[in-house]
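Chain by chain, the residues run as shown.
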Amino acid sequence: MDLGLAGKTALVSAASRGLGRASAFSLAREGVDVTIVARRSGPLEETAADIRAETGVGVTAVTADITGVEGRAKALASCPQPDILVTNTGGPPHVSDFRRLGRDDWTDLLDAYLVAPVLLIQATLDGMIERRFGRIVNITSIVVKMPAGSLELSAGPRAGFTGFVAGLARQVVRHNVTINNLLPGSLDTDRVRENMEVRARDAGCTIEEMYARRAALAPAGRIADPAEFGDTCAFLCGAQAGYITGHNLLLDGGRYPGMF
Ligand code: NAP
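Residues numbered from 1 in each chain as written. Predicted model: local features only at pLDDT ≥ 70, side-chain atom pairs only at ≥ 80, totals over all residues. Heavy atoms only, no water.

*Asks:* Sorry, what's going on with the layout of surface pockets here?
*Replies:* Picture a little ball the size of a water molecule; that probe, rolled over the atoms, points out where space is still empty. Reported here for the second largest pocket is a volume of approximately 170 Å³. In terms of residue class, the lining of the second largest pocket is made up of seven nonpolar, three polar and five charged. When residues of the lining of the second largest pocket are sorted by domain, at least three fall in each of domain 1 (9-187 + 225-251) and domain 2 (188-223). (1 Å grid on protein atoms, 1.4 Å probe; cavity = no way out; pocket = protein on both sides within 12 Å on 5 of 7 lines; lining within 4 Å. Points joined across faces, edges and corners; volume = space filled by probe spheres on them. Nonpolar A, V, L, I, M, F, W, Y, C, P; charged D, E, K, R; others polar. Domains from an automatic or database assignment.)

*Asks:* Explain the packing of aromatic side chains here, please?
*Replies:* Each aromatic ring pair is summarised here by two numbers: the centre-to-centre distance and the angle between the ring planes. Considering all chains together, one arrives at one aromatic pair under this definition. Note on F161 and F164: the rings are 6.2 Å apart at their centroids and 25 degrees apart in plane angle, and the pair reads as stacked. With F161 and F164 both in helix α5 (residues 152-172), this residue pair falls three residues apart, about one helical turn. The class for F164 is partly exposed, based on a relative accessible area of 31%. Residue placement shows K8 over the ring face of F133; its charged tip is 4.2 Å from the ring centre. (Phe/Tyr/Trp six-rings, centres within 6.5 Å; stacked < 30°, edge-to-face > 60°. Helix = DSSP H or I, 4+ residues; strand = E, 2+ residues; numbered from the N terminus. Buried < 20%, exposed > 50% of the residue type's maximum accessible area, 1.4 Å probe, protein only. Lys NZ or Arg CZ within 6 Å of the ring centre and 35° of its normal.)

*Asks:* What should I look at first to understand the site of the ligand in this one?
*Replies:* With respect to spatial proximity, 30 residues lie near the ligand, and among them S16, R39, R158, L187 and T189 are the closest. Between the ligand and the protein, one listed contact pairs an oxygen atom with a backbone N or O atom of L19 at 2.8 Å. R191 places a main-chain nitrogen or oxygen 3.3 Å from an oxygen atom of the ligand. When the ligand sits alone it has 880 Å² of accessible area, and the protein chains cover 95% of it. Elements supplying a minimum of two residues to the shell around the ligand: α1 (18-29) and α6 (190-203). Sort the elements by how many residues they give to the shell around the ligand and α6 lands first, with three residues. Here the residues of the shell around the ligand are counted per class, giving 11 nonpolar, 12 polar and seven charged. (Near = heavy atom within 4 Å. Polar contact = N/O pair within 3.5 Å; in protein donor to acceptor, adjacent residues only side chain to side chain. Areas by Shrake-Rupley, 256 points an atom, 1.4 Å probe, with all protein chains shown as cover.)

*Asks:* Sorry if this is basic, but what is going on with the domain arrangement of the protein here?
*Replies:* Frequently, the measure chosen for interface size is the accessible area removed from exposure when the parts meet. Along its sequence, the protein is organised into domain 1 (9-187 + 225-251) and domain 2 (188-223). If you average the C-alpha positions of domain 1 and of domain 2, the two centres end up 24 Å apart. The partner domain 2 presents 10 residues to the 13 residues of domain 1 that form the contact. At the boundary of domain 1 with domain 2, total buried surface from both sides reaches about 980 Å², with 41% on carbon and sulfur atoms. On the domain 1 side of the contact with domain 2, R17, S186 and L187 bury the most area, a combined 46% of that side's loss. At the boundary of domain 1 with domain 2, the tally comes to three salt bridges. The partner of E228 in a salt bridge is R222, with the nearest N and O atoms 2.9 Å apart. Summed over the shared surface of domain 1 and domain 2, the number is five residue pairs in polar contact (both at pLDDT 80 or more). (Contact = heavy atoms within 4.5 Å. Buried area = accessible area lost by both parts, 1.4 Å probe. Salt bridge = Lys/Arg side-chain N within 4 Å of Asp/Glu carboxyl O.)

*Asks:* Explain the pattern of salt bridges here, please?
*Replies:* For the structure on display, the rule yields seven salt bridges. Two residues, D50 and R21, come together in a salt bridge whose shortest N-O distance is 2.9 Å. Highlighted residues: D50 in helix α2 (residues 41-55) and R21 in helix α1, separated in sequence by 29 residues. Assessed through its relative accessible area of 36%, D50 is described here as partly exposed. R21 gets classed as partly exposed once you look at its relative accessible area, which sits at 24%. We note a salt bridge from D83 to R131, for which the minimum N-O separation is 3.3 Å. In this pair, D83 is assigned in the loop between α3 (69-78) and β4 (84-87) and R131 in helix α4 (residues 103-131), connecting sequence segments 48 residues apart.

In structure tokens form, the structure reads like this:
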């Protein structure tokens, strides 16, 4: 299917690795010029070169921390009026007990999972409305729908952000601007691999055993390829998806056990 995106522009934050990278790649394959953001320039430039080499679209790499005021300003200066915005950031820190967190830690979590995506949307939404085309996809997490491990650190701020999106999505869809959240379950990214290594060490098992346990959590019986996530993101950004808004779409292989 031609998603009708050739010539559009996208700002994809946290995109040198993992789900952000996969989303930028899938959009680029549809002919979208992408601006990708991450803190470390080495992996970011590598990803930019890979996307350029495979797709031939315009790729701008911005080295910046998207959770900070200056980093966001830098990213937005490079791509002030994208047609597509994919908000994303790194995963929460591994903390065994929330009692160890102080106020500054909580402020950081709120910045990452609530304030940063809200301010990116705020900066880009009106241009989308004026041009009568906009697609915003927020990468959140399965923890918004169900408790999972020790990920309550991101669940609180993300739940608040989900509430914000639910209201805003209904206000702007009449302008052909959609806002949806994608909720990953288990996708085989660097973060998940690093996570599995730590857990395998703690549990005294091999990383393969830890992967098998994680895969068994979902009825699909596997951990998914980030490319599956990227292509879903691109589909939600497609011209045909203008009637899909305000959703919290799980990519979890059926792990979430509820009916709705
Ligand atoms: P990942 O493999 O660690 O990739 C994270 C990417 O974000 C990297 O490119 C990283 O590059 C960049 N990044 C991190 N913090 C940043 C910041 N402050 N500013 C700019 N860029 C930043 O992670 P992932 O697995 O793709 O996860 C992406 C998001 O999905 C996370 O929020 C994670 O919690 C959520 N999630 C993922 C899964 C999964 O199965 N993979 C499941 C549930 C939720 P730099 O380090 O160079 O900045």
